[in-house]
Amino acid sequence: MDNLFKIKIVSPERIFFEDKISMVEFNTSEGEIGVYKNHVPITVIIEPGTLVLHSADGNKKAALHSGFAEILPEKVTILAEVVEWPEEIDADRASLAKQRAEERIRSGTPEVDLIRAETALHRAIARLSLVK
């Protein structure tokens, strides 16, 4: 029985990944989702977190930051604002970004865009979780 489905992950810079896999996991605005072949068709908003691609060759992980996903029974298409393999992540830069975001959130000043600071924090955490 063939349990594989097509996935295509596209960012503004490149086609990040395109192949057949058995499952994909990522964060959405509604929570974490795992998708297998023949999933009910839906479109979801992506939230920062770890993308996990399951295939016969093993699992591949990447940091997926935001975008949209179209899920169909035979294909998943992810349009990502930013998506990175672990080896593409600068751990020092991500750590500094995390510190800056935490400081902005703690400051509580009216000039701070809290949603933007929280998004930056989640992106940094997603990056750091892959490189540690």
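Shown above is the structure to which this text applies.
Definitions and cut-offs
Residues numbered from 1 in each chain as written. Predicted model: local features only at pLDDT ≥ 70, side-chain atom pairs only at ≥ 80, totals over all residues. Heavy atoms only, no water. Helix = DSSP H or I, 4+ residues; strand = E, 2+ residues; numbered from the N terminus. Buried < 20%, exposed > 50% of the residue type's maximum accessible area, 1.4 Å probe, protein only. Contact = heavy atoms within 4.5 Å. Areas by Shrake-Rupley, 256 points an atom, 1.4 Å probe, with all protein chains shown as cover. Lys, Arg positive; Asp, Glu negative; His and termini not counted. Charge placed at Lys NZ, Arg CZ, Asp CG, Glu CD. Salt bridge = Lys/Arg side-chain N within 4 Å of Asp/Glu carboxyl O.

As a further point, take the overall build of the protein chain. A tally of regular secondary structure across the protein chain gives two helices and eight strands. The secondary structure elements of the protein chain, listed N-terminal to C-terminal, are β-β-β-β-β-β-β-β-α-α. Judged by the C-alpha coordinates and their principal axes, the protein chain covers about 55 × 30 × 25 Å. For the protein chain, the proportion of its 132 residues judged to be buried stands at 37%. Across the protein chain, the fraction of contacts at a sequence separation of at least 24, relative to all contacts at a separation of at least 6, is 51%. Approximately 7900 Å² of the protein chain is accessible, and the part contributed by carbon and sulfur atoms is 51%. Taking the average location of the 17 positive side-chain charges in the protein chain and that of its 22 negative ones, the two points are 2 Å from each other.

Moving on, we get to the pattern of salt bridges. Following the criterion strictly, the structure yields five salt bridges and no others. A salt bridge links R14 to E88; the nearest nitrogen and oxygen atoms lie 2.8 Å apart. Linking R14 in the loop between β1 (5-10) and β2 (15-21) with E88 in the loop between β8 (75-84) and α1 (91-107), this pair joins segments that are 74 residues apart in sequence. On the basis of relative accessibility, which here comes to 32%, the residue R14 falls in the partly exposed class. E88 gets classed as partly exposed once you look at its relative accessible area, which sits at 36%. Its salt-bridge partner being K98, residue E102 comes within 2.8 Å of it at the nearest N-O pair. You can see E102 and its partner K98 sitting in helix α1, four residues apart, about one turn around the helix. A residue is classified by how much of its surface remains accessible, and E102, at 23% relative accessible area, is partly exposed. Taking the relative accessible area as the measure of exposure, K98 reaches 25% and is therefore partly exposed.

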